[in-house]
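# Report on the structure
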Amino acid sequence: MTIADIDKPIGPASDELYARATGRLPGGNSRTTVFVPPHPPYARRGAGYLVEDVDGNELIDLQNNYTALIHGHAYGPVVEAASAAIASGASFGLPTESEVRLAGILGERLGWATHWRFANSGTEAVMIALRAARAITGRDVIVRFAGCYHGSYDAVLAKGAAGVPAGLDADVVEVPLEDLDAVVRAMDEREVACVLFDAMPNRAGLRPADPDFVKALREETRRRGVLLVQDEVLTYRIALGGLHSTYGIQPDLVTLGKVIGGGLPIGAIGGTAETMAVFDPTRPDALPHGGTFSANPVSMEAGIAALRDFDAAATERLNALGDRLRAGLADLGFEVAGRGSLVRLHDPEPARLWWAAYRQGLLLCGNGLACLSTPMDDATVDEILRRFADVER
Ligand SMILES: Cc1ncc(COP(=O)(O)O)c(C=O)c1O
């Protein structure tokens, strides 16, 4: 199968826009992560779980902007909260009560993570958390697991990625997924500041980590004074306390993003009062962290509104719908992974699957990742499965 063989349903408006875009935007857009060959269609609008492209094709959105839109598109309370915040001044060179309130909500939900810093993306949150781990421990080395995505900051990109200095590798140890011996070896041989960990990494297959491994990782890191940085940018939607809470562990730092901003740009780093004190600007050795738009009240208020309606009952309901969707997809013969409202279809030709789903009115992520949003119910899952039955394989 070559790109030329892909029977793409995109119409003249998307093709025309792409031709125009390539004159201004390399590859026709601004996010490598949304590119699907030969090029993705362009979105025009969204409402609830539906999205419409510029050619008028209407799709059930199983992508939800890469899992960020927990309530789907244009969710009333989020639109109202964000509009009111814009009308009161979109951003200030002063802190606002909005960030205090969102930190309060996250603190209550995660319990152990009482203190927070906000940023504009998950990438930034991970970058700042790694810097904090280095500052707290006074060590340089970061251990991370091969094949996992943590955003587009130098230290977390795959080894050899374009533009990343080779010298950086000296302070980053990449170990195979769930290889505890390799982690222990790295910690014994090097001055490790932290282990960066995602308990259900999408790029590595969206398979939940083995509970014994997670517990052992926590114990071994704690024993050596190595910080455990839990990346929950994608997985926070699984449980109010984050995916790690379902494993019964407490990391040292946690990174959040996506759903906690209600669909607006956001990232967050959380931890105990003691670890997060590294950011306290009244300390002479404080870690510098700024950001013109960090904690802007529009993202904060949108996040507060989104989380208000994504409570324990909503989380449970969506996770149960995810279980139904995974079971139905498996019955249809798809290889499927994930947990709760996060689903991953495995296919040797993801771009072909993506277009085949698109033709049936289903929007997936380029690698087969899918997720649910609260406007969906059992009837929506039935309709999704009916459409998947017609997806060409
Ligand atoms: C686990 C994980 N960490 C970090 C990021 C980066 O977040 P952002 O795209 O907001 O920069 C992502 C994005 O998909 C992610 O899935």
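These numbers come from a predicted model, not from an experiment.

Along the polypeptide, Asn64 turns up in helix H2 (residues 64-67). By relative accessible area, which is 0% here, Asn64 ends up buried. In terms of polar contacts, Asn64 uses its side chain to reach the backbone carbonyl oxygen of Cys371, at 3.5 Å. When neighbours within four sequence positions are excluded, Asn64 is seen to be in contact with Leu69, Gly72, Cys371, Leu372 and Ser373.

What follows deals with the domain arrangement of the chain. With domains assigned, the chain is organised as domain 1 (6-74 + 312-389) and domain 2 (76-308). Between the C-alpha centres of domain 1 and domain 2 the distance comes to 26 Å. Of the residues lining the interface, 26 residues belong to domain 1; the matching set on domain 2 comes to 23 residues. Of the roughly 1,900 Å² buried between domain 1 and domain 2, counting both surfaces, carbon and sulfur atoms make up 56%.

Another point: the sheet that holds strand E6 (residues 172-175). An order of E4-E10-E9-E8-E7-E5-E6 is seen for the seven strands of this open sheet, with the pairing classed as mixed. Every interior strand has two partners, whereas the edge strands, strand E4 (115-119) and E6, have only one. Taken pair by pair, the neighbouring strands of this sheet meet at an average axis angle of 20 degrees, ignoring direction. Relative to E6, strand E5 (residues 141-145) is paired through four bridges, and the arrangement is parallel. Bridged to Ile142 within E6 is Val172. Relative to the sheet, helix H6 (residues 180-189) contacts E5, E6 and strand E7 (192-197), its axis offset from that of E7 by approximately 160 degrees. Contacts between helix H7 (residues 211-223) and the sheet are confined to E5, E7 and strand E8 (227-231), with E7 contributing the most and set at about 165 degrees to the helix.

This brings us to the nonpolar core. Within the largest apolar cluster, 52 residues are counted, with the highest numbers of intra-cluster contacts made by Leu62 and Phe388. It is helix H11 (residues 350-359) that contributes the most residues to this core, seven residues altogether. Two domains each donate at least three residues to this core, and these are domain 1 (6-74 + 312-389) and domain 2 (76-308). Here Phe388 is in contact with Leu62, Leu329, Leu332, Phe334, Leu345, Leu362 and Leu364, once residues within four sequence places are set aside. The next biggest cluster of nonpolar side chains, apart from the first, holds 33 residues, and it includes Val175, Phe213, Ile238 and Ile249.

Next up on the list: helix H3 (residues 76-87). With twelve residues, H3 ought to run about 16 Å at 1.5 Å a step, and its terminal C-alpha atoms sit 16 Å apart, in line with that. Buried residues along H3 sit in contact with helix H9 (297-308). One or two residues past the end of H3 sits Gly89, with phi positive at roughly 110 degrees.

A separate point is the packing of aromatic side chains. As enumerated under the stated definition, the model contains seven aromatic pairs in all. The structure contains a cluster of three or more aromatic residues connected by ring pairs, namely Phe145, Phe197 and Phe213.

Our next topic: the side chain of Arg139. Tracing the backbone shows Arg139 in the loop between helix H5 (122-137) and E5. The side chain of Arg139 sits in the buried core without any salt bridge; Glu191 is the nearest counter-charge, 4.0 Å away. Within polar-contact distance, the side chain of Arg139 engages the backbone oxygen of Val192 at 2.8 Å. In this structure, Arg139 is in contact with Arg134, Glu191, Val192, Ala193, Arg224, Gly225 and Val226, ignoring residues within four places of it in sequence.

Quick look at the site of the ligand now. For the ligand, the full set of nearby residues is Ser121, Gly122, Thr123, Tyr149, His150, Gly151, Asp198, Asp231, Val233, Leu234 and Lys258. The contact in question runs from a nitrogen atom of the ligand to an N or O atom on the side chain of Asp231, over 2.7 Å. Within the side chain of Lys258, a nitrogen or oxygen atom sits 2.9 Å from an oxygen atom of the ligand. Tallied by class, residues from the shell around the ligand come to three nonpolar, five polar and three charged.

Rules behind the numbers
- Residues numbered from 1 in each chain as written.
- Predicted model: local features only at pLDDT ≥ 70, side-chain atom pairs only at ≥ 80, totals over all residues.
- Heavy atoms only, no water.
- Helix = DSSP H or I, 4+ residues; strand = E, 2+ residues; numbered from the N terminus.
- Buried < 20%, exposed > 50% of the residue type's maximum accessible area, 1.4 Å probe, protein only.
- Polar contact = N/O pair within 3.5 Å; in protein donor to acceptor, adjacent residues only side chain to side chain.
- Contact = heavy atoms within 4.5 Å.
- Domains from an automatic or database assignment.
- Buried area = accessible area lost by both parts, 1.4 Å probe.
- Pairing = 2+ DSSP bridges.
- Axes fitted to C-alpha atoms, helices over the stretch in contact; angles between N-to-C directions.
- Core = buried A, V, L, I, M, F, W, Y, C linked by side-chain atoms within 4.5 Å.
- Expected span 1.5 Å × (residues − 1).
- Phe/Tyr/Trp six-rings, centres within 6.5 Å; stacked < 30°, edge-to-face > 60°.
- Lys, Arg positive; Asp, Glu negative; His and termini not counted.
- Salt bridge = Lys/Arg side-chain N within 4 Å of Asp/Glu carboxyl O.
- Near = heavy atom within 4 Å.
- Nonpolar A, V, L, I, M, F, W, Y, C, P; charged D, E, K, R; others polar.

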